[in-house]
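Remarks on the overall topology
This is what each chain is made of:
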Amino acid sequence: MNARDNGFLGNLPSMQRPCLPDVFCWTKIGAEAGQTLEDIIRRKEFERIAGNGRFGWGIGNALGDSPRLAMAAVPQGRLKVVFSTMKSPPKPQDVNPTQICVWTKYQLPSGEIRPLDQTMLITSRYSEKKTCHYALICSSPESLLSPSNICELPSKMLRNFISNKPVGASQVTSVVSCRSEVEESFKGDYPVTFTADLDSPGYVRLVSPVVVEGALYSVYRDFSRQVEYSKWASCMASIWMLIEERIESPRVN
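First, a word on scope: everything that follows refers to the structure included in this document. Predicted, not measured: the structure shown is a model, and the values here were computed from it.

Soluble, globular proteins show a tendency: their nonpolar side chains are buried together. Among the nonpolar cores identified, the biggest contains 25 residues, and Phe-55, Trp-57, Phe-83, Leu-136 and Phe-194 are the most heavily contacted of them. Contributing elements (two or more residues each) for this core: β1 (23-29), α1 (37-50), β2 (54-59), β3 (80-85), β7 (133-139) and β11 (190-211). In terms of residue count, the dominant contributor to this core is β11 (four residues). Non-local contacts of Phe-83, meaning those with residues more than four positions away in its chain, are made with Thr-27, Ile-29, Phe-55, Trp-57, Cys-138, Pro-191, Val-192, Thr-193, Phe-194, Thr-195 and Ala-196. Formed by 17 residues, the second largest nonpolar core is a distinct cluster that contains Ala-33, Leu-121, Val-212 and Phe-223.

See below:
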């Protein structure tokens, strides 16, 4: 039996067995847009509740055709997304960004642009040169705060799905496959924080950023601190109302 039997890494030692599919999307997560990882995960859990299991997770790098090709290679087209906490400390610009923005729309491969669901809020650092960002639209029937399948991810066994090259240390998000051979010296080195499935429309290119400033910044600051779902939902509605007002009445430079 090899590590690809049944689509899972089934022959690894029981204490180290990742219990992950052979092909999946792996993203390393940390502080972003002035929020701690703990706050971000709590916010995404509230999104998941509001969106009947769906939430959006922003990523900084493009993935090309790898998500689409991987979805064609996995059972029922359900590509697993695996979230692991970054080992390196967050960059100063992620902890204290000069400006942040909310991404309001996404672009399909066809070029069609659609509004992002208002149960989601995807933010990032902002600069005038930054015209796009990327996101994984995910779904999970389980809470992101209480994952039921914690395991160790063997990063040295992973390869980029399309190129078959080792995953580089600087790669934050990538679609990966696992080598078929299993070395005796195998060690899981990246704990899995939680997992989800890539949901429609899947991996998307985000466009139409709105800078978080003025009244929007005041509400966003309150929003990012909420630990109760009802108060979070109220702030979320206010944020999207202010965003729509900003889009309808853009600033004049």
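There is more to say after this.
Direction vectors running N to C along α1 and helix α5 (residues 229-248) enclose 80°, while the axes themselves pass 11 Å from each other. The angle between the axes of α1 and α5 places the two elements in the roughly perpendicular class. Residues Arg-43, Phe-46, Glu-47, Ile-49 and Ala-50 of α1 form the contact with α5, whose participating residues are Tyr-229, Trp-232 and Met-236.

Cis geometry is found at the peptide bond from Ser-200 to Pro-201, where omega equals 5°. With respect to the element layout, Pro-201 can be found in strand β11. One non-glycine residue, Ala-33, lies in the positive phi region at around 50°. For Ala-33, the location among the structural elements is in the loop between β1 and α1. By relative accessible area, Ala-33 is classed as buried at 3%. With phi around 60°, Ser-208 is a residue other than glycine that occupies positive phi space.

All right, on to the packing of aromatic side chains then. Inspection of the entire model under this criterion finds 11 aromatic pairs. Through pairs of rings, three or more aromatic residues link up here, namely Phe-46, Tyr-220, Phe-223, Tyr-229 and Trp-232. The side chain of Lys-87 reaches across the aromatic face of Tyr-190, ending 4.6 Å from its centre.

If you check α1, its first and last C-alpha atoms are 20 Å apart, about what 14 residues at 1.5 Å a residue would give, namely 20 Å. α1 sits mainly inside the fold: 10 of its 14 residues count as buried. Leu-37, Ile-40, Ile-41, Arg-42, Arg-43, Lys-44, Glu-45, Phe-46, Glu-47 and Arg-48 are the residues of α1 that are buried. At the C-terminal side of α1, Asn-52 shows a positive phi close to 55°.

With that settled, consider the side chain of Arg-246. Position of Arg-246 among the secondary structure elements: in helix α5. Notably, Arg-246 is buried but unbridged: the nearest opposite-charge side chain belongs to Glu-213, and the N-O separation is 4.0 Å. Within the structure, the side chain of Arg-246 is placed 2.9 Å from the backbone oxygen of Val-211, a separation counted as a polar contact. Setting aside residues no more than four positions away along its own chain, Arg-246 makes contact with Val-210, Val-211, Glu-213 and Leu-216.

So, about the packing of helix α4 (residues 214-223) against α5. At a closest axis distance of 9 Å, the pairing of α4 and α5 adopts a crossing angle of 160°. Judged on the interaxial angle alone, α5 and α4 are roughly antiparallel. The two elements α4 and α5 meet at a crossing, and its hand is left-handed. Contacts between α4 and α5 pair Ala-215, Leu-216, Val-219, Tyr-220, Asp-222 and Phe-223 from the former with Trp-232, Cys-235, Met-236, Ser-238, Ile-239, Leu-242, Ile-243 and Arg-246 from the latter. Across the contact of α4 with α5, the residue classes tally to 11 nonpolar, one polar and two charged.

What counts and what doesn't
Residues numbered from 1 in each chain as written. Predicted model: local features only at pLDDT ≥ 70, side-chain atom pairs only at ≥ 80, totals over all residues. Heavy atoms only, no water. Core = buried A, V, L, I, M, F, W, Y, C linked by side-chain atoms within 4.5 Å. Buried < 20%, exposed > 50% of the residue type's maximum accessible area, 1.4 Å probe, protein only. Helix = DSSP H or I, 4+ residues; strand = E, 2+ residues; numbered from the N terminus. Contact = heavy atoms within 4.5 Å. Axes fitted to C-alpha atoms, helices over the stretch in contact; angles between N-to-C directions. Parallel < 35°, antiparallel > 145°, perpendicular 65-115°, else oblique. Phe/Tyr/Trp six-rings, centres within 6.5 Å; stacked < 30°, edge-to-face > 60°. Lys NZ or Arg CZ within 6 Å of the ring centre and 35° of its normal. Expected span 1.5 Å × (residues − 1). Lys, Arg positive; Asp, Glu negative; His and termini not counted. Salt bridge = Lys/Arg side-chain N within 4 Å of Asp/Glu carboxyl O. Polar contact = N/O pair within 3.5 Å; in protein donor to acceptor, adjacent residues only side chain to side chain. Left-handed = near helix turned anticlockwise from the far one by under 90°. Nonpolar A, V, L, I, M, F, W, Y, C, P; charged D, E, K, R; others polar.

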